[in-house]
Amino acid sequence: MSITDQNPALRFKRPLLKLSGEALMGGASYGIDPSALQRFAGEIAELGRSGVQMSVVVGGGNIFRGLAGAAKGMDRVTGDYMGMLATVMNALALGQALRALGQHSRVYSAIPMPTVCAPYQRDAAMADLDAGACVIFAGGTGNPFFTTDTTAALRAAEMGCDAILKATSVDGVYSANPKTDLSAVRYDTITYTEVLAQHLQIMDAAAIAIARDNRIPVLVFSLLKPGNIVKLFTGETPATVISGG
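Below or above, wherever it landed, is the structure these notes cover. As the structure is a computational prediction, the values presented were derived from the model and not from experiment.

Moving on to the nonpolar core. The biggest cluster of nonpolar side chains holds 40 residues, and the ones touching the most others in it are L17, M54, V56, I136, L165 and F221. Top contributing element to this core by residue count: helix α2 (residues 34–49), with seven residues. Of all hydrophobic cores here, the second largest spans 28 residues; its members include V57, L129, L200 and A207.

In structure tokens, the structure reads:
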């Protein structure tokens, strides 16, 4: 029995995983922690072997964050482009780690760099997913002023994904930051409208709006415990579901 058959309530055939650059740092303060990279690649490969058609959008905050550069005097547009290039490096690392585990993968960049990876083209990416490859989207949307959360929602809509899996450092959506506010209330479910109205910062407003308009549920879960990506498909990983309304 495949992992997607074990719990029909979480039977995602074609999900998109949003993985932050910071997650790839693991216990380090900068760059890519090989052990963290191998852990995530292992879980994605396990799902691939079970027939899940996985897309991934990876951030670049472990290498460079455009907003941080802008805050220090760098032009925002230049900073964002540098951040996009950082996502390409992370995507290449994840793609290589997946191939080392026997999982076919393909990196697509919204910023054309054909000697490094494939330029993003929707039909080609769809064909790769249908063929069982893990498709990794890099380079953001190719435009400044858009976050990788927006990229995740946009690519999920384009690929016909049935869920966005938003990996974070907490086990769901809270009314406030649970790390600093002990009175913060955790939601098991919440609507897109409520997320926007309460200004909850789990994803930016553009990403939530795209998910809402295309009726793509967003599952917010913690990456801190090994195995949580896989266990999300069997209902064992706590998650907040953003949908409806």
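After that view of the structure, there is still more to cover.
With that settled, consider the packing of aromatic side chains. Applying the stated criterion across every chain yields a total of two aromatic pairs. Summarising the aromatic geometry, the rings of F12 and F233 are spaced 5.9 Å apart at their centres and angled 80° between planes, so their arrangement reads as edge-to-face. Within this pair, whereas F12 is found in the segment before β1 (15–19), its partner F233 is found in the loop between α9 (228–231) and β11 (239–242), the two being separated by 221 residues in sequence. Side by side, F12 and F233 carry an identical accessibility label, which is buried. With a centroid separation of 5.7 Å and an interplanar angle of 80°, the aromatic rings of Y120 and F137 are classed as edge-to-face. With Y120 in the loop between β4 (118–119) and α5 (122–130) and F137 in strand β5 (residues 134–138), this pair connects stretches of sequence that are 17 residues apart. The ring of Y120 has R155 lying over it, and the distance from NZ or CZ to the ring centre is 3.9 Å. One residue, R155, lies across the ring of F137, its end atom 5.8 Å from the ring centre.

The rolling of a water-molecule-sized probe over the atoms marks out the regions of remaining empty space. Enumeration over the complete set of coordinates arrives at one cavity of 30 Å³ or more. Around the largest cavity, the lining residues are I44, G48, V52, Q53, M54, Q103, G132, A133 and C134. Among the residues forming the lining of the largest cavity, the class breakdown is five nonpolar, four polar and no charged.

Right, let's talk about the pairing of β11 for a bit. Strand direction decides the pairing type here: strand β9 (residues 189–190) and β11, joined by two bridges, are parallel. In the strand pairing of β11, T189 is matched with V241. Examined bridge by bridge, strand β10 (residues 218–222) and β11 share four bridges and lie antiparallel to one another. Residue pairing for β11: F221 is matched across the bridge by A239.

Relative to the elements of secondary structure, T87 occurs in helix α4 (residues 76–100). Accessibility expressed as a relative area gives 2% for T87, which makes it buried. The contact partners of T87, leaving out residues within four places of it in the chain, are V58, G59, G60, A138, G139, G140 and T148.

Conventions we followed
- Residues numbered from 1 in each chain as written.
- Predicted model: local features only at pLDDT ≥ 70, side-chain atom pairs only at ≥ 80, totals over all residues.
- Heavy atoms only, no water.
- Core = buried A, V, L, I, M, F, W, Y, C linked by side-chain atoms within 4.5 Å.
- Buried < 20%, exposed > 50% of the residue type's maximum accessible area, 1.4 Å probe, protein only.
- Helix = DSSP H or I, 4+ residues; strand = E, 2+ residues; numbered from the N terminus.
- Phe/Tyr/Trp six-rings, centres within 6.5 Å; stacked < 30°, edge-to-face > 60°.
- Lys NZ or Arg CZ within 6 Å of the ring centre and 35° of its normal.
- 1 Å grid on protein atoms, 1.4 Å probe; cavity = no way out; pocket = protein on both sides within 12 Å on 5 of 7 lines; lining within 4 Å.
- Points joined across faces, edges and corners; volume = space filled by probe spheres on them.
- Nonpolar A, V, L, I, M, F, W, Y, C, P; charged D, E, K, R; others polar.
- Pairing = 2+ DSSP bridges.
- Contact = heavy atoms within 4.5 Å.

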